[in-house]
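Residue-level listing of the chains:
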Amino acid sequence: MIELRRLTKRYGEVTAVEDLSFDVRPGVVTGFLGPNGAGKTTTMRMILGLDAPTSGTATIRGRRYADLASPMREVGVLLDARAVHPRRSVRNHLKCLAQSNGLARSRVEEVLGLVGLTRVADRAAGGLSLGMGQRLGIAAALLGDPEVLMLDEPVNGLDPEGIVWIRTLMRELAAQGRTVLVSSHLMSEMALTADHLVVVGRGRLLADVEFDEFIRSSSRESVLVRTPDAEELACRLRDAGAAVRPGAEDTLTVEGTESAVIGKVAMAHGVVLHELTPHRISLEEAYMELTRDSVEFGAAEGSGR
Ligand SMILES: Nc1ncnc2c1ncn2[C@@H]1O[C@H](COP(=O)(O)OP(=O)(O)OP(=O)(O)O)[C@@H](O)[C@H]1O
């Protein structure tokens, strides 16, 4: 279990994390989601004692990271997979980590097998591809067989096979009863991995919700309507209780009623329809709606609006 209570981090004028409170429970994969710059890495760094909070606390199984007796046995971390000695071999990198943390050396061969790096174990760690580097980072995280895992953007640089592999691994680790926190800025990735979602934007908590609940609450139908009498139809549909948003080129986006009803209302008032397209709001759209005000470098910023 990881517990955050009113965690806040300011860098001068910038508030990277603001008043963040949530729990990360064992036995499930918790997706830590937010656009670039939302404060995910800063939050993880504070949990790991790499950055000091301005205020608030972060504890792992009831203790601050600095107070853990044997951190690698309790928490496995993938934060910056490039943090390796470039000329040291893959195997030696892991051996050194095992040795300096008092872990059994036999565990090195086990984790090499687990992440599929046995064949390249004698290669220099610095010469690995991005994807293999990620695997090595994950091997290091698993070295102490920890109960808690925190992975920052673990699919970065992985090929499709690697992505499936890491998803399966995270699900297995959670099924073993471990606490798994994984950050990403992609909802599509979380949709295939996470049981629980914590969404942040501009350092603040936007949602802390079961994934299924997020799907239920965001899964709405809308209908795209194209008509030369958009204004007239919008009026009539609003009278009938629908939510209507005018769009570009004689289009309306209608929520709260279905295509058949829109067709009937149009016919009853002599409105000609050119298009009537039902549309289910995707998870990605729901996520973008939730984080719209939190995107640091949105497309609109450069478009002179
Ligand atoms: N050492 C620092 N000094 C000043 N500002 C910082 C520092 N570290 C992070 N920030 C700022 O804090 C905010 C949150 O950054 P952070 O890297 O935690 O976000 P993130 O959600 O991990 O983003 P990304 O997905 O891009 O990695 C950003 O505005 C960032 O510029």
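Reading guide: rules and limits
- Residues numbered from 1 in each chain as written.
- Predicted model: local features only at pLDDT ≥ 70, side-chain atom pairs only at ≥ 80, totals over all residues.
- Heavy atoms only, no water.
- UniProt positions renumbered as here; feature names shortened; annotations may be inferred.
- Buried < 20%, exposed > 50% of the residue type's maximum accessible area, 1.4 Å probe, protein only.
- Helix = DSSP H or I, 4+ residues; strand = E, 2+ residues; numbered from the N terminus.
- Arc of directions from axis to C-beta.
- Contact = heavy atoms within 4.5 Å.
- Core = buried A, V, L, I, M, F, W, Y, C linked by side-chain atoms within 4.5 Å.
- Pairing = 2+ DSSP bridges.
- Axes fitted to C-alpha atoms, helices over the stretch in contact; angles between N-to-C directions.

- The name recorded for the protein in an unreviewed UniProt entry is ABC-2 type transport system ATP-binding protein, from Planomonospora venezuelensis.
- For the protein, the Sequence similarities (unreviewed entry) comment in UniProt is given as "Belongs to the ABC transporter superfamily."

## What to know about helix α10 (residues 259–268)
Item 1. Considered for burial, the residues of α10 that qualify are Ser259, Ile262, Val265 and Ala266. Axial view of α10: buried residues confined to an arc of 125 degrees, hence all on one face. Looking at α10, the residues exposed on the side facing more than 90 degrees away from the buried face are Lys264, Met267 and Ala268.
Item 2. Next to the buried residues of α10 lie β10 (221–226), α9 (230–239), β12 (251–255) and β13 (275–280).
Item 3. At the exit of α10 stands Gly270, carrying a positive phi of roughly 65 degrees.

## Some thoughts on the nonpolar core
Item 1. Ranked by size, the top nonpolar core spans 49 residues in total, and within it Leu94, Ile138, Leu142, Ile166, Met187, Met190 and Leu197 carry the most contacts.
Item 2. It is helix α6 (residues 160–175) that provides the largest number of residues to this core, a total of seven residues.
Item 3. The residues touching Leu142, leaving out its near neighbours within four places in the chain, are Arg107, Val111, Leu114, Val115, Leu149, Leu169 and Leu173.
Item 4. Counting 23 residues, the second largest nonpolar core, distinct from the first, contains Leu7, Met46, Val75 and Val198.

## Points about the sheet that holds strand β5 (residues 75–78)
Item 1. Reading across the sheet, the six strands line up as β5-β6-β7-β3-β8-β9 and stay open at both edges, with mixed pairing between neighbours. Single-partner strands in this sheet number two, and they are β5 and β9 (204–210). With strand direction ignored, the average angle separating the axes of adjacent strands in the sheet is 15 degrees.
Item 2. Taken together, the six bridges between strand β8 (residues 196–201) and β9 define a ladder with antiparallel strand orientation. Looking at β9, one finds that Val199 is bridged to Ala207.

## Description of unusual backbone geometry
Item 1. Although it is not a glycine, Arg61 sits at a positive phi angle of roughly 45 degrees.
Item 2. Relative to the helices and strands, Arg61 resides in the loop between β4 (55–60) and α2 (71–74).
Item 3. What makes Arg61 partly exposed here is its relative accessible area of 43%.
Item 4. Positive phi, close to 45 degrees, is recorded for Glu153, a residue that is not glycine.
Item 5. Secondary-structure assignment places Glu153 in the loop between β6 (148–152) and α6.
Item 6. By relative accessible area, which is 13% here, Glu153 ends up buried.

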